[in-house]
Amino acid sequence: MKSILSILALLIVLSSCTQDAQLQSDVQSYLDTYTKEYKDLYYTSAKAEWKSNTYIMEGDTLTKKATEKANEAFAKFTGSEENINTARKFLKKKEALKPIQVKQLEAILYAAANNPSTVADLVKERIKAETDQVEKLYGYDFQLDGKSVTTNDLDKILREENDVAKRLAAWRASKEVGKGLKDGLANLKSLRNKTVQALGYDDFFSYQVSDYGMTTREMLDMNKRFVKELMPLYRELHTYARYTLAKKYGVDVPDYLPAHWLPNRWGQDWASLVNVEGINLDGVLEEKGATWLVEQSERFYVSLGLEKLPQSFWDKSSLYPLPEGMPYKKNNHASAWHLDLENDVRSLMSVQPNSEWYETTHHELGHIYYYILYTNPNVPPLLRGGANRAFHEAVGSMLGLAATQKPFLQGLGLIPEDVKTDEMQTLLKEALNYVVFIPWSAGVMTEFEHELYANDLPEDQFNKKWWEIKKKYQGIVPPTERGEEFCDAASKTHINNDAAQYYDYALSFILLFQLHDHIATQILKQDPRATNYYGSKETGAFLKKILSPGVSVDWRMLMNDALGEEISAKAMLNYFEPLMDYLKKENEGRKYTM
């Protein structure tokens, strides 16, 4: 009897294995078919977008129509009811599937949730509303003293002007755009929520968070932890800024920072409060020329043991400003492109021989090498992306930072070996960028957009909530009363057209310092504040290890495997530790309000 039962059990197991194998085969067949169509449509869309960004001619409607048509075809495919139903059907049996198959099916559903054909009219309405909102934002005529000005003009005043009245006028002018965007933002909140709710998400915020494999609560808690970890240092910076700026403007020290005192419209970057003397690359870089900057950036990555860029990169990229007299324009904002999810990698830049573009070329090529490394047989095209949305930016920024540290520059002969710099002022300037950014990104933007989408923030409370959160996280207050006729949050581009994922930038800064600290201390055995990555094959091997998997492994597992730790602001704190002691001495006897 026992032998009969054993045989029956064995037969059941064998039958189950056969069924699992057949299911996996069916899923793979579907994934292969989907991927082929996805790649073709993605490439067509990307090429159309590339032309839209590199060939901007007044009166040209054909390029715009071609881009719209390509994007519509891509959206129609990814959001098709057939793909939604098929992916859902297979995911009901995900325990029998390979993990890599499950990840691809989940990626298919995530892509579908932004344009589900099950609510096609709603999607169409949302796309039109987004287009209208962006046109209002970018087409707005900013006015100062009755004259049209650009945002660059307003930014220049906030960076350089010492007259508080003129600063206030510029700041107010920069916020007027929000008035006309308020109703549109309320409408977009509703449309975005309804679109993703059609595929089972609670709201648009939770949809965006799900891309990290996290719940909304986990994401919020993680960002609040970053703010809490950095708050002691931010408190010192906040106090330093209050006293320094009060002295500069000749007024009493306020408890909180008036928004118009700061050199940035949103108070997200205070770095221009400090000027560090001793390192000026512009002269030597101008002599070397723009081409040298890009080629030197490639030499840096090759020195780490990575391959030379494919010839197609040089043939197809748009790397330099257009020659004078050209009948068309191009987008001058730097970006990296992976057009076909295979070997067509390009960069769109307008490189000029100066220090800003020196850092930018290293940053953008960091993205390009990330594309190249995860384009391998072990990573299906649907999973060829950063380990999470923040990882790409973290890697680019880290390599840009590494290329600007003093030993690196000295190794290239860009600055003299005996150059003298004020290291503390350098650290202070860096902290006024990196540290100051965290309460803004992980705190203000993240909490406001959570309130907006997840808690359905009423339109008549937009501005009140915005300034409550600004004071809570940044210690920044409006210069005068800001009623609900204003919508100051909507003056920030990302609130309108890159919604509910600003925490990506916070994570990228945290990851940047963790990765850099590991390379500096564990591989190079150098001070993280003074490194030289150049020529380190071990550093290159580490980069290959963490970049090659793309999205095929969970980013938290990748962190633990590569660094032996979870994501944390500890490395950033360690980097700025000498500054903490300096600021405590500077702030001795001063009043703290954060």
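The structure we're discussing is the one just above.
Below is a summary of the structure that appears in this document. (Residues numbered from 1 in each chain as written. Predicted model: local features only at pLDDT ≥ 70, side-chain atom pairs only at ≥ 80, totals over all residues. Heavy atoms only, no water.)

**Describing the overall build of the chain**
Counted only if it meets this: A run of DSSP states H or I qualifies as a helix once it reaches four residues; a run of E qualifies as a strand once it reaches two. Both are numbered from the N-terminal end. Our radius of gyration looks at C-alpha atoms and nothing else; its globule reference is 2.2 Å times the residue count to the power 0.38. Accessible surface area values rest on a Shrake-Rupley calculation with a 1.4 Å probe, where residue burial reflects the displayed protein chains alone.
Along the backbone of the chain there are 24 helices and six strands. Taken against the 2.2 N^0.38 rule, which gives 25 Å for 594 residues, the C-alpha radius of gyration of the chain at 26 Å falls within 12% of a compact globule. Accessible surface, the chain as shown: approximately 27100 Å² in total, 51% of it carbon and sulfur.

**Some words on the packing of aromatic side chains**
Note the cut-off: Each aromatic pair joins two rings of Phe, Tyr and Trp (for Trp, the six-membered one) with centres within 6.5 Å, and gets the label stacked for planes under 30 degrees apart, edge-to-face for over 60, and tilted for any other angle. Per-residue accessibility, obtained with a 1.4 Å probe over protein chains only, is compared with the maximum for each type, and a residue is labelled buried under 20%, exposed over 50%, and partly exposed between these values.
Considering all chains together, one arrives at 39 aromatic pairs under this definition. Here Y34 and Y38 contribute two aromatic rings whose centre-to-centre distance is 5.8 Å and whose plane-to-plane angle is 25°, an arrangement assigned as stacked. You can see Y34 and its partner Y38 sitting in helix 1 (residues 2-54), four residues apart, about one turn around the helix. As far as the burial class goes, Y34 and Y38 line up, both buried.

**Remarks on the packing of helix 20 (residues 503-524) against helix 22 (residues 555-563)**
Formally: The convention used is that axes are lines fitted to C-alpha atoms, helices contributing only their stretch in contact, and that angles between N-to-C directions extend from 0 to 180 degrees. Relative orientations are named as follows: roughly parallel for angles under 35 degrees, roughly antiparallel for angles over 145 degrees, roughly perpendicular for angles from 65 to 115 degrees, and oblique for any other angle. A clockwise turn of the near helix away from the far one marks a right-handed crossing, whereas an anticlockwise turn of less than a right angle marks a left-handed crossing. The contact rule is simple, with two residues in contact once any of their heavy atoms fall within 4.5 Å.
Between helix 20 and helix 22, the least distance of the axes is 11 Å, while the angle of their chain directions is 25°. Judged by the angle between their axes, helix 20 and helix 22 are roughly parallel. As for how helix 20 packs across helix 22, the hand of that crossing is left-handed. Only M559, A562 and L563 of helix 22 make contact with helix 20, whose side of the interface consists of L511, Q514, L515 and H518.

**Here we look at the pattern of salt bridges**
Filter applied, for reference: Salt bridges, as used here, are contacts in which a Lys or Arg side-chain nitrogen is within 4 Å of a carboxyl oxygen on Asp or Glu.
Following the criterion strictly, the structure yields 25 salt bridges and no others. Note that R192 and E130 form a salt bridge whose closest N and O atoms lie 3.3 Å from each other. With R192 in helix 8 (residues 182-197) and E130 in helix 5 (residues 120-138), the pair connects residues that are 62 residues apart, well separated along the chain. On the basis of relative accessibility, which here comes to 2%, the residue R192 falls in the buried class. Look at the salt bridges and you will find they share partners, linking K39, E342 and R384 into a network.

**Here we look at unusual backbone geometry**
Its identity as a non-glycine residue notwithstanding, L341 has a phi of 60°, on the positive side. With phi around 55°, K525 is a residue other than glycine that occupies positive phi space. For K525, the location among the structural elements is in the loop between helix 20 and helix 21 (537-547).

**Section: the nonpolar core**
The condition is simple: In plain words, nonpolar cores are sets of buried Ala, Val, Leu, Ile, Met, Phe, Trp, Tyr and Cys residues tied together by side-chain atoms within 4.5 Å.
Ranked by internal contacts, the top residues of the largest apolar core, which has 170 residues, are L105, L237, I438 and F576. Looking at which element gives the most residues to this core, the answer is helix 17 (residues 423-453), with 16 residues. Core analysis: the next-biggest nonpolar cluster, separate from the first, contains five residues, A46, W337, L339 and L348 among them.

**What to know about the packing of helix 10 (residues 216-249) against helix 17**
Basically, it comes down to this: In this count, Pro and Cys sit with the nonpolar residues alongside Ala, Val, Leu, Ile, Met, Phe, Trp and Tyr, while Asp, Glu, Lys and Arg are called charged and the others, Gly among them, polar.
At a closest axis distance of 8 Å, the pairing of helix 10 and helix 17 adopts a crossing angle of 140°. Regarding the angle of helix 10 to helix 17, the classification is oblique. Judged by the twist between their axes, the crossing of helix 10 over helix 17 is left-handed. Where helix 10 abuts helix 17, its residues T216, L220, N223, K224, F226, V227, L230, L233, Y234, L237 and Y240 lie against L428, A431, L432, V435, V436, I438, P439, A442, G443, T446, E447 and H450. Split into classes, the residues belonging to the contact of helix 10 with helix 17 amount to 16 nonpolar, five polar and two charged.

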